[in-house]
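What follows is the residue order along each chain.
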Amino acid sequence: MKFTRFEVESTVHTGVMENETIKEIKGNMFGEWEFTGNAFAKDEVKLLAPIVPNQIIGIGANYVSAKIDLPEELPAIPVFFFKPGSSVIGPEEKIVIPKDIEQVKFESELAVIIGKDAKSVPEEDVLDYVFGYSVGNDVTAPQFFHSDGHWTIGKAFDTFTPLGPVIETELDPFSVHVEAKLNGEEKQNSNTDLMIISIRKMISYLTNVMTLKPGDVILTGSPVGAEMVGPGDVIECEIKGIGTLRNTFAAARESVKSV
Ligand code: MG
């Protein structure tokens, strides 16, 4: 099932997408919900990010280019980072490049949406806590990575987390390719089996640290091939079975170069 959020005449709705039609629902996507009976043509609405995340957690540097490069030993403490909810935008919205820099990096990623409270979950049970999957773009300005290794600011600008176009609940996350096309040219295309820390491992690890909640979004890392891009560039992040998340980069606004 493909859950979506969308706007019609400045009102936000939630629905289930079936081909070119969106059937409106009411209630809690993660619990009790029902169809309202209203339906909209996909072309007639503005798609929004399919969720307002509770929190967004990313994992760093999580893909190799070939299976032979997978490390024998995994890092004891994976590199995780938070992204603010204010960084989320939907399909077709502009990604704004901060004023003091020329370029930012796109990172097409499989986004995992948690569906119920998850505390100390063993690896084999992780998928029981997953509601569904979306496509995320973990836009990054490495120019704002702190020299001490902190990534927060470089990941946190408004518009730096496009999500969408839907949350697919039926996907097998272990047999999909994470793809990106820049201005129509393929830049990323890797199976999720090239992740260094698997979806089961990263989510199990996180639940031993913090209780994950419905609406938490885990960005599972980006395949090799991410590049720096500038104003006017068009990025299409795609996972077949979920859809294509298309955004255009635009230049800028206030300076945050120094305090
Ligand atoms: Mg990333």
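Just so you know, these numbers come straight off a predicted model, no measurement behind them.

## Things to note about a nonpolar patch on the surface
Turning to step 1, where the next piece is worked out: Judged by side-chain polarity, I77, Y205 and V209 come together as a nonpolar surface patch covering roughly 300 Å² of accessible area.
Turning to step 2, where the next piece is worked out: Checked against the element boundaries, I77 lands in the loop between β6 (56-59) and β7 (80-83).
Turning to step 3, where the next piece is worked out: Judged by its relative accessible area of 64%, I77 falls in the exposed class.

## Notes on the coordination of the magnesium ion
Six octahedral donors at a metal ideally form angles of 90 or 180 degrees, and four tetrahedral donors ideally form angles of 109.5 degrees.
Turning to step 1, where the next piece is worked out: For the magnesium ion, the full set of protein donor atoms is E107 (OE), E109 (OE) and D138 (OD), and the range of their distances to it is 2.0 to 2.1 Å.
Turning to step 2, where the next piece is worked out: Each donor residue of the magnesium ion belongs to the same chain, with the gaps between them written as E-x1-E-x28-D. Here the residue E107 occupies a position in the loop between β10 (104-105) and β11 (108-114), and D138 occupies one in the loop between β12 (130-137) and α1 (152-156), the gap between them amounting to 31 residues.
Turning to step 3, where the next piece is worked out: By relative accessible area, which is 0% here, D138 ends up buried.

## Things to note about the domain arrangement of the protein
How big an interface is tends to be stated in terms of the accessible area lost upon association of its parts.
Turning to step 1, where the next piece is worked out: Examined at the domain level, the protein breaks down into domain 1 (1-48) and domain 2 (51-251).
Turning to step 2, where the next piece is worked out: Taking only C-alpha atoms, the centre of domain 1 and the centre of domain 2 are 24 Å apart.
Turning to step 3, where the next piece is worked out: Across the interface of domain 1 and domain 2, roughly 1,200 Å² is buried in total on both sides, 61% from carbon and sulfur atoms.
Turning to step 4, where the next piece is worked out: On the domain 1 side of the interface with domain 2, the three residues burying the most area are M1, K2 and F30, jointly 45% of the side's total.
Turning to step 5, where the next piece is worked out: The interface formed by domain 1 and domain 2 includes one salt bridge.
Turning to step 6, where the next piece is worked out: Ionic pairing is found between E168 and K2, a salt bridge with its closest N-O pair at 2.8 Å.
Turning to step 7, where the next piece is worked out: Summed over the shared surface of domain 1 and domain 2, the number is six residue pairs in polar contact (both at pLDDT 80 or more).
Turning to step 8, where the next piece is worked out: When residues in the side of domain 1 that touches domain 2 are grouped by element, the largest group, four residues, is from strand β1 (residues 2-8).
Turning to step 9, where the next piece is worked out: Split by residue class, the side of domain 1 that touches domain 2 holds seven nonpolar, one polar and three charged.

## Quick word on the sheet that holds strand β14 (residues 177-182)
Turning to step 1, where the next piece is worked out: Ordered by their spatial adjacency, five strands build an open sheet running β9-β19-β18-β14-β15, and the pairing between neighbours is mixed. With partners counted over all chains shown, the strands left at the sheet margins are β9 (94-97) and β15 (185-191), one partner each. Geometrically, the sheet is characterised by an average inter-axis angle of 20° between neighbouring strands, direction not taken into account.
Turning to step 2, where the next piece is worked out: In the sheet, β14 pairs with β15 via six bridges, with the strands oriented antiparallel. Counted as the bridge partner of A180 is Q188 from β15.

## Focus on the nonpolar core
Turning to step 1, where the next piece is worked out: In terms of nonpolar packing, the biggest core is built from 55 residues, with V104, I203, L212, I218 and F249 touching the most fellow members.
Turning to step 2, where the next piece is worked out: Here this core gets four residues from one element, more than from any other, and that element is helix α2 (residues 199-209).
Turning to step 3, where the next piece is worked out: If you count residues domain by domain, this core takes at least three from each of domain 1 (1-48) and domain 2 (51-251).
Turning to step 4, where the next piece is worked out: Ignoring anything within four residues of it in the chain, the contact list for I218 reads I57, L110, A111, V112, I114, M202, I203, L206 and L212.
Turning to step 5, where the next piece is worked out: Counting residues in hydrophobic clusters, the runner-up holds 15 residues, among them V16, I51, V217 and L219.

## Observations concerning the pattern of salt bridges
Turning to step 1, where the next piece is worked out: Evaluated as defined, the whole model comprises 15 salt bridges.
Turning to step 2, where the next piece is worked out: Among the ionic pairs, K105 bridges to E107, the shortest N-O distance being 3.0 Å.
Turning to step 3, where the next piece is worked out: Judged by relative accessible area, which is 24%, K105 ranks as partly exposed.
Turning to step 4, where the next piece is worked out: Of the residues examined, E107 reaches a relative accessible area of 9% and is grouped as buried.
Turning to step 5, where the next piece is worked out: Two residues, E179 and K240, come together in a salt bridge whose shortest N-O distance is 2.8 Å. Note that E179 is positioned in strand β14 and K240 in the loop between β18 (234-239) and β19 (243-251), a separation of 61 residues in sequence.

## Quick word on the pairing of strand β3 (residues 21-27)
Turning to step 1, where the next piece is worked out: Taken together, the five bridges between strand β2 (residues 11-18) and β3 define a ladder with antiparallel strand orientation. Across the sheet, T14 pairs through a bridge with I25, a residue of β3.
Turning to step 2, where the next piece is worked out: Where β2 folds back onto β3 in an antiparallel hairpin, the turn is made up of two residues, including N19, whose phi is positive at roughly 55°.
Turning to step 3, where the next piece is worked out: As paired strands, β3 and strand β4 (residues 33-41) are joined by six bridges and run antiparallel to one another.

Here is what the cut-offs are and how they apply
Residues numbered from 1 in each chain as written. Predicted model: local features only at pLDDT ≥ 70, side-chain atom pairs only at ≥ 80, totals over all residues. Heavy atoms only, no water. Patch = residues over 30% accessible without salt bridge, like charges linked within 9 Å, V, L, I, M, F, W, Y side chains within 5 Å. Areas by Shrake-Rupley, 256 points an atom, 1.4 Å probe, with all protein chains shown as cover. Salt bridge = Lys/Arg side-chain N within 4 Å of Asp/Glu carboxyl O. Helix = DSSP H or I, 4+ residues; strand = E, 2+ residues; numbered from the N terminus. Buried < 20%, exposed > 50% of the residue type's maximum accessible area, 1.4 Å probe, protein only. Donors = N, O, S within 2.8 Å, 3.2 Å for Na, K, Ca; no water. Domains from an automatic or database assignment. Buried area = accessible area lost by both parts, 1.4 Å probe. Polar contact = N/O pair within 3.5 Å; in protein donor to acceptor, adjacent residues only side chain to side chain. Nonpolar A, V, L, I, M, F, W, Y, C, P; charged D, E, K, R; others polar. Pairing = 2+ DSSP bridges. Axes fitted to C-alpha atoms, helices over the stretch in contact; angles between N-to-C directions. Core = buried A, V, L, I, M, F, W, Y, C linked by side-chain atoms within 4.5 Å. Contact = heavy atoms within 4.5 Å.

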